[in-house]
Amino acid sequence: MQLGPGIGHWHPHMMVFSPYYENSMLGGNEFGAPLPFVSDDAGTPFAVVLIPVDERLAIKANYK
């Protein structure tokens, strides 16, 4: 998945819509860390929590 300009391809993850969440509510984890963190829209109605998933545990699409 491409996350946008300057970020590019990122490992498997889940995204949870979390209006008005701040990164401090999740422990202040750094952007791109292997721990959950809030998107760059933190504190707004459009905030999203990104939860990285271990590549070995991710379900992959079966393209034929």
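As shown above, the structure is provided for reference.
These figures come from a predicted structure and were not determined experimentally. (Residues numbered from 1 in each chain as written. Predicted model: local features only at pLDDT ≥ 70, side-chain atom pairs only at ≥ 80, totals over all residues. Heavy atoms only, no water.)

Caption draft 1: Region of the structure containing the overall build of the chain. Counting its regular elements, the chain contains 0 helices and 3 strands. For the chain, the N- to C-terminal ordering of α and β elements is β-β-β. Taken across its 64 residues, the chain has 25% of its residues classed as buried. Nonlocal contacts in the chain, meaning residues at least 24 apart in sequence, comprise 45% of its contacts between residues at least 6 apart. Working note: accessible area of the chain is about 4900 Å², and carbon and sulfur atoms make up 61% of it. (Helix = DSSP H or I, 4+ residues; strand = E, 2+ residues; numbered from the N terminus. Buried < 20%, exposed > 50% of the residue type's maximum accessible area, 1.4 Å probe, protein only. Contact = heavy atoms within 4.5 Å. Areas by Shrake-Rupley, 256 points an atom, 1.4 Å probe, with all protein chains shown as cover.)

Caption draft 2: Molecular detail of the pattern of salt bridges. Going through the model one piece at a time under the given rule, you end up with 1 salt bridge. A salt bridge links arginine 56 to aspartate 54; its shortest N-O distance comes to 2.5 Å. The partly exposed category is assigned to aspartate 54, whose relative accessible area is 32%. (Salt bridge = Lys/Arg side-chain N within 4 Å of Asp/Glu carboxyl O.)

Caption draft 3: Local environment of the sheet that holds strand β1 (residues 13-17). Taking strand neighbours across the sheet as the criterion, the 3 strands line up as β1-β3-β2 in an open arrangement whose pairing is antiparallel. Only two strands of the sheet have a single neighbouring strand rather than two, namely β1 and β2 (37-38). Looking at chain direction, β2 and strand β3 (residues 48-52) are connected through 2 bridges and run antiparallel. From the neighbouring strand, phenylalanine 37 faces β3, where its bridge partner is leucine 50. (Pairing = 2+ DSSP bridges.)

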